[in-house]
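Given next are the chains, with one letter for each unit.
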Amino acid sequence: MTVTTDGDVILEIENVVKHFPVRGGVFRRKDYVHAVDGVNLSVRRGTTFGIVGETGCGKSTLARCIARLYDLTSGRIEFDGKDISTLSTGKMRPVRREIQMIFQDPYGSLNPRRRVGSIIGDPFAIHGIASGADRKKRVQELMERVGLNPEHFNRFPAEFSGGQRQRIGVARALAFQPKLIICDEPVSALDVSIQAQVINLLADLQSEFGLTYIFIAHDLSVVRHVSDQIAVMYLGKITEVTRAEKLFTTARHPYTGALLSAVPVPDPDQSDRREQIILVGDVPSPIAPPSGCRFHPRCPKAVQQCVTDEPALESRLGDGPDHLAACHRPMAVGENLHDFRPAIDSSERIIEVPGSLLPDDAGAAPADPVRAQAEGSDA
Amino acid sequence: MALLEVENLEVSFRTADGVVRAVRDISYHVEAGKTLGIVGESGSGKSVSTQTIMGLTRGAQVSGRAIFAGQDLLAASSAQLQEIRGAKIGMIFQDPLSSLHPYYRVGWQIVEMIRLHDKAMNKEQAWARAAELLGLVGIPQPERRVRDFPHQFSGGMRQRAMIAMAMALNPALLIADEPTTALDVTVQAQVLRVIRRMQELFGTAVILITHDLGVIADVADEVLVMYGGKVMERADRRTLFYQCHHPYTEGLLQSLPAYDSSRERLRPIPGQPPSLLTPPPGCPFAPRCPYVMDRCRTEMPALDPAGETPGHLSACWLPHQSAEREQARRQVMEAEPAGSTGAGA
């Protein structure tokens, strides 16, 4: 079940699963972190595919699976018409030229004891292409292309600011004119004014080289700006995937709705107008994910079916094949999640603490400010 | 009379590379019950300025005054500060894991805080109060969770526990330094909601330090924009977002992706933030400013009233009346059409 597209598909992911073993518990029981649990998606050439989700939803693990930095537990990845999911390290090497990654932390992803020129030259060294003066020339071209001064060839990473270091990471990824670049939170560690510089650089490179990006970020406004398609992940599953604009105008999955409403908008008027849906509690553990729909313990629209049956990722409410949601009770346009109360047994839910300051959007008695005040002041 | 009045605060650190002037002559005030948002990028001095007030910047050279409820915090002895910290001014930091002691139960840490300041309370009462506070910030089964260790809490729960601790003694002022930066958006929404409710119930004033303009738009009453250790602009929330005066504020707002369907090119601020070692004599933003004039490079403008809104202050040589200012800007832009293009290196 993937988003069907008429364009040329460069990456096709089928039912990818990645579990990490964790040892522990009483009887030395072996548990698994269900980091990615059956993900399907397809990415068209020359476009940007955004993946959003909260900490622990599996978005970075999925990225690393695609780059084959992790071996898959199961599933299939087809890149440019070729199944790469089980290639050996040696067979994978030529493919690695075409799939590159840019990482979040521009401090942690560059070796502090090596000069920038040699860091960016690494891909050439590893693949045995261009040496000596020729390599230096190509490295300097790359530096120039990403907006670094080529004369800084012999400097160390510490001599660069965060934004410049991210440019170094971009230059390194570009060395062999890859087809696909996986950007894992590429601007999250940067200041706002610098973020925009890097985003523009990525956009320029995309149009210049026809690059395809997988863009992972938790900042929804950035993802919205750069992406053609966006997938939302929750606890190892894709909950919704569609064109970027549609996600923001007609979100079907209540989790998407809650996520969108929680994003702070840098506009006081919009910020005052919007009704925030505040989810109760935290994301459950990926070691023992909830049954059925994984969002059901926090979902205001949950019904018994959500506890027992896992919803398929498919078109809902008459959406076209480019808009899929894994939800038994998708949201209609204009629907307000505040109007719903979960109709499932309370043992299946994460429940708000009575008297807490968090309002209750998921069903328990509304927080009573008078009572909270009394509790707060009498002690 | 404002609750906290900071005047001419200067903070510098001696380092191996020279003297870092982290905060340069800033003044601001916080009204009781209001939220002051301080926004700025890394190295703008936003955190140092509040940490100094709390006596938390050891080894710094500090001058100026910070009058809190009639007392100058910068002149206070460490014993006096100890009494104010926690009881009258609560603090929450960015990283809730490193601000909780990993070896002690969460409840114990709240109890310690309470009993240090409130000698009348016995142990059981303090533990009961700690549990009640955890419940108040929305931690499920507080009577049980109060005996948990910090590692048993999720990130959002830890930050909520920090809020509970900070609010335990009903302080008049809460300083929240990037309280939600390490958290996911849905958890961020929870934490901001708790802070806001606390404020409504107890009339606490809040200084909220953040780099996220979205959070500012959400919760701040007044906003202070800092850059290179200086205050660039101060305005109420609406004025800041809709009628900002300072080119730095304008640049910050413009560099955000529009929250709509447009995918037009972003307009970043070219260049890099300034070094705080030997800052240039003029405006720290001058090297990146699209409207820079000769004067900007040599003289720092004062933080003067700007525009038509009372309380709106801006440190910029551009004329402070909007009509004249527009004209001046246009002149600068026409004379030097470099503008805000280019990525800068």
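Residues numbered from 1 in each chain as written. Chains lettered and ligands numbered in written order. Predicted model: local features only at pLDDT ≥ 70, side-chain atom pairs only at ≥ 80, totals over all residues.

Novice: An account of the overall build of chain B is needed here, citing residue identities and associated values.
Specialist: Assigned secondary structure in chain B consists of 13 helices and 12 strands. The C-alpha atoms of chain B give a radius of gyration of 22 Å, which matches the 20 Å a tight globule of 345 residues would have. Seen along its three principal axes, the alpha-carbon backbone of chain B occupies a region of about 70 × 50 × 40 Å. Counting only residues that meet the buried cut, chain B has 49% of its 345 residues in that class. (Helix = DSSP H or I, 4+ residues; strand = E, 2+ residues; numbered from the N terminus. Rg over C-alpha atoms; globule rule 2.2 N^0.38 Å. Buried ≥ 20, exposed ≤ 12 C-beta atoms within 10 Å, placed from the backbone.)

Novice: An account of the sheet that holds strand β12 (residues 324–325) of chain A is requested, with residue identities and associated values reported.
Specialist: All names here are of chain A. Spatially, the eight strands line up as an open sheet ordered β6-β7-β8-β3-β9-β10-β12-β11, and their pairing is mixed. Either end of the sheet is taken by a strand with one partner, and the two such strands are β6 (99–102) and β11 (314–315). The pairing of strand β10 (residues 237–243) with β12 spans two bridges and is classified as antiparallel. In the strand pairing of β12, E240 is matched with A325. Sitting on the sheet, helix α5 (residues 162–174) is in contact with β6 and β7 (180–184), with an inclination near 175° to β6. (Pairing = 2+ DSSP bridges. Contact = placed C-beta atoms within 7 Å. Axes fitted to C-alpha atoms, helices over the stretch in contact; angles between N-to-C directions.)

Novice: Could you give an account of helix α11 (residues 247–255) of chain B, with specific residues and numbers?
Specialist: For α11(B), the set of buried residues is B:P247, B:Y248, B:T249, B:G251, B:L252 and B:S255. Among the structural elements, α6 (192–209) of chain A together with α9 (213–219), β9 (222–227), β10 (230–236) and α10 (237–242) of chain B are those in contact with the buried residues of α11(B).

Novice: Describe the pairing of strand β7 (residues 173–177) of chain B, naming the residues involved and giving the relevant values.
Specialist: All names here are of chain B. Burial runs high along β7: five of the five residues are buried. Alternating residues of β7 divide into L173, I175 and D177 and L174 and A176, and every residue in both groups is buried. Where strand β6 (residues 89–92) meets β7, four bridges bridge the pair, whose relative direction is parallel. Within the sheet, the bridge partner assigned to I92 lies in β7 and is A176. As paired strands, β7 and strand β8 (residues 205–210) are joined by five bridges and run parallel to one another. Paired with A176 across the bridge in β8 is L208.

Novice: With reference to specific residues and values, describe the nonpolar core.
Specialist: Formed by 201 residues in total, the largest nonpolar core has its most connected members in A:I66, A:I182, A:I214, B:I110, B:A161 and B:A164. Both domains that meet at this core, namely domain 1 (4–224) and domain 2 (228–335) of chain B, each give it at least three residues. Apart from residues lying up to four places away in sequence, A:I214 is in contact with A:V43, A:F49, A:I51, A:A63, A:I66, A:L180, A:I182 and A:C183. (Core = buried A, V, L, I, M, F, W, Y, C linked by C-beta atoms within 7 Å. Domains from an automatic or database assignment.)

Novice: Which residues make up the confidence of the model for chain A, and what values go with them?
Specialist: On average, residues of chain A carry a pLDDT of 86, and 89% of them reach 70 or more. Taken as a whole, residues 1–6 of chain A scores under 50 in pLDDT and shows 18 contacts with residues more than four places along the chain or in a different chain. (pLDDT = per-residue confidence, 0-100.)

Novice: An account of α5(A) is needed here, citing residue identities and associated values.
Specialist: Between its terminal C-alpha atoms α5(A) stretches 19 Å, which fits the 18 Å expected from 13 residues at 1.5 Å a residue. Here α5(A) lies mainly inside the structure; 13 of its 13 residues are buried. (Expected span 1.5 Å × (residues − 1).)

Novice: A description of the sheet that holds β10(B) should follow, citing residues and the corresponding values.
Specialist: All names here are of chain B. Within the open sheet, the eight strands sit side by side as β6-β7-β8-β3-β9-β10-β12-β11. Their pairing is mixed. Each having just a single partner strand, β6 and β11 (304–305) make up the two edges of the open sheet. As paired strands, β10 and strand β12 (residues 313–314) are joined by two bridges and run antiparallel to one another. Counted as the bridge partner of R234 is L313 from β12. Of the strands in this sheet, β3 (35–39), β7, β8 and β9 are in contact with helix α1 (residues 46–53), which crosses β8 at around 145°.

Novice: Quick one: what's the story with the environment of B:I67, residue by residue and with numbers?
Specialist: Residues and elements named next belong to chain B. By secondary structure assignment, the location of I67 is in strand β4 (residues 60–68). We classify I67 as partly exposed; it has 18 C-beta atoms within 10 Å. Considered as a pair, I67 and L4 are 63 residues apart in the sequence and their alpha carbons are 5.6 Å apart. When neighbours within four sequence positions are excluded, I67 is seen to be in contact with E5 and D72.

Novice: Outline the interface of chain B and chain A, listing residues and values.
Specialist: Contacts between chain B and chain A engage 54 residues on the former and 49 residues on the latter. Secondary-structure elements contributing two or more residues to the side of chain B that touches chain A are α5 (123–136), α7 (155–167), α8 (185–202), α9, α10 and α11 of chain B. With 12 residues, the single largest contributor to the side of chain B that touches chain A is α8(B). When the residues that make up the side of chain B that touches chain A are grouped by side-chain class, the tally is 26 nonpolar, 15 polar and 13 charged. (Nonpolar A, V, L, I, M, F, W, Y, C, P; charged D, E, K, R; others polar.)

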